[in-house]
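Chain by chain, the residues:
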Amino acid sequence: MFQTPQWPIWDQDDLAAVTEVVQSGKWWCGAPLNQVGKNLWAFQEEFAQFQEVKHCIAVANGTVAIEVVLLALGIGLGDEVIVPDYTFVASASAVIAANAVPIFCDIDRDTFVLDANKAETLITPRTKAIIAVHLGGNPVDMKRLGEIAEKHHISLIEDCAHAHGSRYHGKRAGNWSAAGTFSFQASKTLTAGEGGAIICNDDALADALYSISDCGRKKGEYFYAHFQYGTNYRLSEFHAALLRKQLQHFPQQHALRNTRAKYLTEHLNAIEGIRVMQPTPGTEELGYYIYPFVYDPACFGQISNAEFKNRLHQAGIPTADCYPPLHTLVCFKNRQLRKGIDYSSANWGGTKSEDQYFPVVTEVYGRSIQFPQNLLLAEQSQLDQVVDVIQYLRSKERGC
Ligand SMILES: Cc1ncc(COP(=O)(O)O)c(C=O)c1O
């Protein structure tokens, strides 16, 4: 029986770090001038260093991280933002929160991430940005997307909630756009239960991001001076203390996930009817928040998706639910969103939400199985069991 590796992984050092915060009585981070708690400020530097970027602003979660970036880039009422149709709702709900309209873009058949060329066809005079979601840590074709953004004078944002440590053409994810956003929610590859961060290289943008996430304050100014709209999206000292410890173990876990994924891919791709998510050309390291593949039902006796998962679960192999395509979500289909905002320009809602308008995501979603990231921390012999179960399922069916 397959043994799922524990997640999260913690030890006495994690406990000691949190206990130290409790004992210090400094439970809050404070402002830049009076850094009350030391962990948040240290974590921002350490995460920036790891992601090879100039600035990191820690925030409460990965959803508000996107919202803060949109606000800092001046995106709001009357604007459109292109997002992939295949992502967690937060990539689009943050756009709704900013009073803008998300436009859903179909994905690439092989990499499962936003199709840059399709995104270009969705650009209108109202388009202000594209959010590139590196699903499963697989980088969107940022080189192509960069050319498109430059040509049309629009901003790029990277949603890196799945892409801690991903590297593409020599640069870490989050370095290919105005700003990259991260989540440290419980299932993520770097976690403190909740938490988020924004990274960027531009000094002025970093100041704006900080200000919006801390009540409109400015670094170096009086604590009760508020210079622009901003709110409290700060991260706590407890989260930061835990994240600092977790970050120390991250590089080794990340390397192991990449090694194991390579092994699993070699074996799974050799099974007729299985197609593993293909790393985008130029990818050197992958965050692997999830490990997705699609199967051809014709090679598996027309087995349903639920039954495929069921067979894996019977062998003790965990799967992670795939995100239902955004266009199918009730909130978008019925346009149950923000009061007073005109969503009529959206390419979703009512009959526009029919699957035929999003063919690739519909096909991929219907045939997808994905493993959670911690499966990739298993011993290689355990992964052989995963391959054996899928091979057995295949061997029962012939003739595809
Ligand atoms: C792609 C993506 N973006 C954003 C988020 C939001 O992160 P959080 O849950 O920390 O708000 C998630 C969370 O799962 C995600 O998967």
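Just so you know, these numbers come straight off a predicted model, no measurement behind them. (Residues numbered from 1 in each chain as written. Predicted model: local features only at pLDDT ≥ 70, side-chain atom pairs only at ≥ 80, totals over all residues. Heavy atoms only, no water.)

Here the focus is the sheet that holds strand β12 (residues 290-295). Within the open sheet, the three strands sit side by side as β10-β12-β13. Their pairing is antiparallel. In the strand order of this sheet, the two ends are held by β10 (274-276) and β13 (368-372), each with one partner. Pairwise comparison of adjacent strand axes, ignoring direction, gives a mean angle of 25° for this sheet. Bridging between β12 and β13 involves five bridges; their strand directions are antiparallel. If you follow I290 over to β13, its bridge partner there is P372. (Pairing = 2+ DSSP bridges. Helix = DSSP H or I, 4+ residues; strand = E, 2+ residues; numbered from the N terminus. Axes fitted to C-alpha atoms, helices over the stretch in contact; angles between N-to-C directions.)

Take the UniProt feature "active site" (unreviewed entry) in the protein chain next. As annotated by UniProt and renumbered to match this structure, "active site" (unreviewed entry) occupies K188. Positionally, K188 belongs in the loop between β8 (179-183) and β9 (196-200). For K188, a relative accessible area of 8% puts it in the buried group. Sequence-distant contacts of K188, that is, excluding residues within four places in its chain, are made with W7, A161, H162, H164, S183, Y289 and Q373. (UniProt positions renumbered as here; feature names shortened; annotations may be inferred. Buried < 20%, exposed > 50% of the residue type's maximum accessible area, 1.4 Å probe, protein only. Contact = heavy atoms within 4.5 Å.)

Our next topic: the pairing of β8. Counting buried positions along β8 yields five of five residues, so the element is predominantly enclosed. Residues A179, T181 and S183 line one face of β8 and the alternating positions G180 and F182 line the opposite face, and both faces are buried. Bridge analysis of strand β5 (residues 155-159) against β8 gives three bridges, and the strand direction is parallel. Paired with D159 across the two strands is T181, which belongs to β8.

To continue, consider the side chain of D115. Residue placement: D115 occurs in the loop between β3 (101-105) and α5 (116-121). No salt bridge is formed by the buried D115, whose closest oppositely charged neighbour, K118, lies at an N-O distance of 4.1 Å. Setting aside its immediate chain neighbours within four residues, D115 contacts C105, D106, I107 and D108. (Lys, Arg positive; Asp, Glu negative; His and termini not counted. Salt bridge = Lys/Arg side-chain N within 4 Å of Asp/Glu carboxyl O.)

Moving on, we get to the site of the ligand. Around the ligand sit 16 residues, and of these G62, T63, D159, S183 and K188 come closest. With respect to the ligand, the side chain of K188 contributes an N or O atom lying 2.6 Å from an oxygen atom. Within the side chain of Y323, an N or O atom sits 3.0 Å from an oxygen atom of the ligand. Calculation on the ligand without its partners gives an accessible area of 380 Å², and the protein chains cover 92% of this total. Every element with two or more residues in the shell around the ligand is listed here: α3 (62-72) and α4 (90-97). Its residues assigned to classes, the shell around the ligand shows five nonpolar, nine polar and two charged. (Near = heavy atom within 4 Å. Polar contact = N/O pair within 3.5 Å; in protein donor to acceptor, adjacent residues only side chain to side chain. Areas by Shrake-Rupley, 256 points an atom, 1.4 Å probe, with all protein chains shown as cover. Nonpolar A, V, L, I, M, F, W, Y, C, P; charged D, E, K, R; others polar.)

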